[in-house]
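Single-letter residue listing:
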Amino acid sequence: MSVVHRLTVGWLVDHLSFINQCGYEICDSSAHPGGVTCNTVTSTEDCHCTSTFAATLSSSDGPTYGPGDTVETEGKTAKTRYVFREEFFDISKPHIAAASEDQLCQGCPEVSLTEIKASNNTEEKCVFNQGELDALEYHSKVRKLIWEGTSHLVQEGLKSGFLHHNTAKLNCKKNNVHQHIVCGLAELCEMAKQFPAVSESDHQAVHVLEDEPRPERDLLSCVMENSSNCAKIIVLMGQKYLVPPKSSFLLSDISCLQPLLNYKKKYDVIVIDPPWENKSVKRSNRYSHLSSWQIKQIPVPALAAPNCLVVTWVTNRQKHLRFVKDELYPYWSVKTLAEWHWVKITTGGEFVLPLDSLHKKPYEVLVLGRVQGDVKETSRKSEGVLPIPEHQLIVSIPCSLHSHKPPLA
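Residues numbered from 1 in each chain as written. Predicted model: local features only at pLDDT ≥ 70, side-chain atom pairs only at ≥ 80, totals over all residues. Heavy atoms only, no water.

Remarks on the environment of N229
Secondary-structure assignment places N229 in the loop between strand 11 (223-226) and strand 12 (232-236). Between the C-alpha atom of N229 and that of Y24, which follows or precedes it by 205 residues, the distance is 9.7 Å. Ignoring sequence-local partners within four residues, the contact set of N229 consists of P245 and K246. (Helix = DSSP H or I, 4+ residues; strand = E, 2+ residues; numbered from the N terminus. Contact = heavy atoms within 4.5 Å.)

Next comes the structure, spelled out in structure tokens:
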């Protein structure tokens, strides 16, 4: 299970376990994507190989397989199971060490907004702009909820052994982050936009992934669907990617979403992680950000089923949070239901960043809302719709790959 502990305040989640339960098995063992560990069983012998990306082939001396992880054989056809590399979740110490009084095990000190400002301003006077003042005010409101809720979940994780106090040896170890690992999805989306537009009459709404390789243009210009019970491997720009079973994808950006609309499917849950504008993105030039106007053009109403749950990841800038709640959701006819927080911790249960840091926080915000459509249709579909709690925490060890969010399923 990806949920390690469930309390009234939220969940302690094992992100790595969730990924590995998604059914990343292929029926042809001849092709191994870079970065995956495999356990391949044929009718004659075991084989083990490793490579250098984000997943690994599960080795024969690895964990015992459960009923859902059984590697089956039929004649000489093998099923190869892929698992995500554990080292990408080996966050054994905070990115920035917190003061001893700020550790979770010390209890929650009462810190006022003035004290938060003063603690970061001991040597020289600091002038806060309005955005920083808004962020400080928001933090002061949610701080106790995050501290106490995380503390309770961490204590449960320590008791069960899922989390463990770091030893002196672990504290001296650097987090095992592979800087050379890149996904390249931003470059693929840019490449997709360069292809000439296909007229709607000539456009095939969906391509079903088969075992034989497809031209890159096919993979980039329409919805790709893996309707089988096994994962599929695709190759794009020389990199291999695993596509989970019973899934589909459109590799594009919001300027080229017509293929998704042509797919003519409605969704009960839509999760959006927009590339918000911020100083870090501008400095690193890692990806292009979207303006508020561009984000509003995402055709959520056309894609949403009645009572669709819409979840939007938001940075800690209050400007973005207000935009989602006051402009974006009303524009999409979405009613805001709740704000949840993803809290990032180490394997020892510490915040990955000091809770009261002015620059970056160890938590991110999720805004949950529900589509408000036709009254009759919504009422007919509302039976069995679960209520959304006003505030919940998702506490997990984050992946060291950039902006890799935890599971919400």
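Digging into the sheet that holds strand 11
Here we have three strands laid out as an open sheet, ordered 10-11-14, and mixed in their pairing. Among the strands making up the open sheet, the edge pair consists of strand 10 (206-208) and strand 14 (247-249). Sheet twist, expressed as the mean angle between neighbouring strand axes with direction ignored, is 25 degrees. (Pairing = 2+ DSSP bridges. Axes fitted to C-alpha atoms, helices over the stretch in contact; angles between N-to-C directions.)

Quick look at the side chain of H139
Within the secondary structure, H139 is located in helix 3 (residues 130-160). Residue classification places H139 among the buried positions, given a relative accessible area of 1%. Here D356 takes part through its side chain, which lies 2.7 Å from a polar atom of the side chain of H139. (Buried < 20%, exposed > 50% of the residue type's maximum accessible area, 1.4 Å probe, protein only. Polar contact = N/O pair within 3.5 Å; in protein donor to acceptor, adjacent residues only side chain to side chain.)

A few points about the packing of aromatic side chains
Enumeration over the complete set of coordinates arrives at seven aromatic pairs. Geometrically, the ring pair formed by F84 and F88 is edge-to-face, given 6.0 Å between the ring centres and 65 degrees between the ring planes. Residues F84 and F88 agree in their burial class; the two are buried. Between W276 and F323, the ring centres sit 6.2 Å apart and the planes meet at 85 degrees, which makes this aromatic pair edge-to-face. One end of the pair, W276, is in the loop between strand 15 (267-272) and helix 8 (279-284); the other, F323, is in helix 11 (residues 318-331), and 47 residues separate them in sequence. Site record: aromatic cluster; members linked through ring pairs are F84, F88 and F89. One cation-aromatic arrangement involves K296 over Y331; the distance from NZ or CZ to the ring centre is 4.7 Å. The ring of W342 has K344 sitting right over it, with the charged end atom 5.0 Å from the ring centre. (Phe/Tyr/Trp six-rings, centres within 6.5 Å; stacked < 30°, edge-to-face > 60°. Lys NZ or Arg CZ within 6 Å of the ring centre and 35° of its normal.)

What about helix 3?
The terminal C-alpha atoms of helix 3 lie 44 Å apart, and with 31 residues this matches the ideal 45 Å at 1.5 Å per residue to within 8%. Of all the bends in helix 3, the greatest measures close to 45 degrees and is centred on V142. Capping the start of helix 3, N129 holds a side-chain oxygen 3.1 Å from the backbone nitrogen of G131, two or three residues further along. G161, located one to two residues past helix 3, shows a positive phi value of around 90 degrees. (Expected span 1.5 Å × (residues − 1). Bend = angle between axes of the 7 residues up to and from the residue.)

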